[in-house]
Amino acid sequence: MIAEKILGNIHSDKVGVPVDTVELEWFEADGKRLRKTTSGGRDIGIAVGEKLRDGDILYLDNEVCIAVTIAECELTEVKVSSMEEMGRVCFEIGNRHLPLKISADKVLIPYDGPTEQHLKNLGFSCGRTVGSFGGHIVCKVHGHEHHHHG
C-alpha cells in the first residue's frame, strides 16, 4: 500500500479499530518517499509530501489503522531562563544549521558531542537526554554574504 496523504491523527481522532504503527526516525518525518514495514509486518510506501507528526494516520479501513510513531533518540537539552538566553542559544544552533525543538524553558537538538561541548563552553546549561524529536524546526537555506570594500 502507498500512503499519499495524512488522514488524521490518533491523538485527536477516534479510529475504532486496532492501530498498527510505522516507526520513523526524526529525520525521516519530512514526508519524502519512504518504504517501511509496520510493527504488524505490513509493507507501506509513504509519499505524503508534508512533514509527518507522531500519531499521523496514513491508512484507515474497517479493520486497521496505520499511524506514525516517531522513535525516541538521544538529544542535547539546553535549559534557558530568559528570552535573551533563548535568543543566544538559537543563534548558536542556527549558525551550525541544526534542527531544533523549542519550549518555554529549553531547546532540544539531536545529540552531537562537539556541539554540546561548544554550548557548554559558551556558558549554557545543557546535558544529554532521550526523547522524541518530532515537531522540530529545520533551518532551511540562507546565505552568508561578505562585502569587501577596497
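The following paragraphs examine the structure supplied in this document. Since this is a predicted model, take the numbers as computed values, not measurements.

### A short note on the sheet that holds strand β10 (residues 125-132)
With antiparallel pairing, the 4 strands of this open sheet are ordered in space as β8-β9-β7-β10. Of all strands in the sheet, those with a lone pairing partner are β8 (101-102) and β10, marking the two edges. In the sheet, β8 pairs with strand β9 (residues 106-110) via 2 bridges, with the strands oriented antiparallel. What sits directly across from Ile 102, in β9, is Val 107. Helix α1 (residues 83-95) contacts β7 (72-79), β8 and β9 of the sheet and is inclined by roughly 15 degrees relative to β9. With respect to the sheet, helix α2 (residues 113-121) is in contact with β7, β9 and β10, its orientation differing from that of β10 by roughly 145 degrees.

### Focus: the side chain of Asp 20
Of note, Asp 20 is situated in strand β2 (residues 19-24). A residue is classified by how much of its surface remains accessible, and Asp 20, at 5% relative accessible area, is buried. Here the side chain of Asp 20 touches Ser 39 through a polar contact of 2.9 Å, side chain to side chain. Among residues more than four places away in sequence, those in contact with Asp 20 are Thr 38, Ser 39, Gly 40, Arg 42, Val 64, Cys 65, Ile 66 and Ala 67.

### Some points on the nonpolar core
Counting residues in each nonpolar core, the largest one holds 17 residues, and the members touching the most others are Val 22, Ile 44, Ile 46, Leu 52, Leu 58 and Val 68. Broken down by secondary-structure element, the contributors of at least two residues to this core are β2, β4 (43-46), β6 (65-70) and β7. With 3 residues, the top contributor of residues to this core is β6. Ile 44 has contacts with Met 1, Ala 3, Val 22, Leu 34, Arg 35, Lys 36, Thr 38, Leu 58 and Ile 66, leaving out every residue within four places of it along the chain. Counting residues in hydrophobic clusters, the runner-up holds 11 residues, among them Met 86, Val 89, Val 107 and Cys 126.

### A few points about the sheet that holds β2
Across the sheet, 3 strands lie side by side as β2-β6-β5; this open sheet has mixed pairing. The open sheet terminates on both sides in strands that have one partner only, identified here as β2 and β5 (57-60). Direction aside, neighbouring strands of the sheet carry axes that sit 25 degrees apart on average. With 6 bridges joining them, β2 and β6 adopt parallel strand pairing. Paired with Glu 23 across the bridge in β6 is Thr 69.

Definitions and limits used
Residues numbered from 1 in each chain as written. Predicted model: local features only at pLDDT ≥ 70, side-chain atom pairs only at ≥ 80, totals over all residues. Heavy atoms only, no water. Pairing = 2+ DSSP bridges. Helix = DSSP H or I, 4+ residues; strand = E, 2+ residues; numbered from the N terminus. Contact = heavy atoms within 4.5 Å. Axes fitted to C-alpha atoms, helices over the stretch in contact; angles between N-to-C directions. Buried < 20%, exposed > 50% of the residue type's maximum accessible area, 1.4 Å probe, protein only. Polar contact = N/O pair within 3.5 Å; in protein donor to acceptor, adjacent residues only side chain to side chain. Core = buried A, V, L, I, M, F, W, Y, C linked by side-chain atoms within 4.5 Å.

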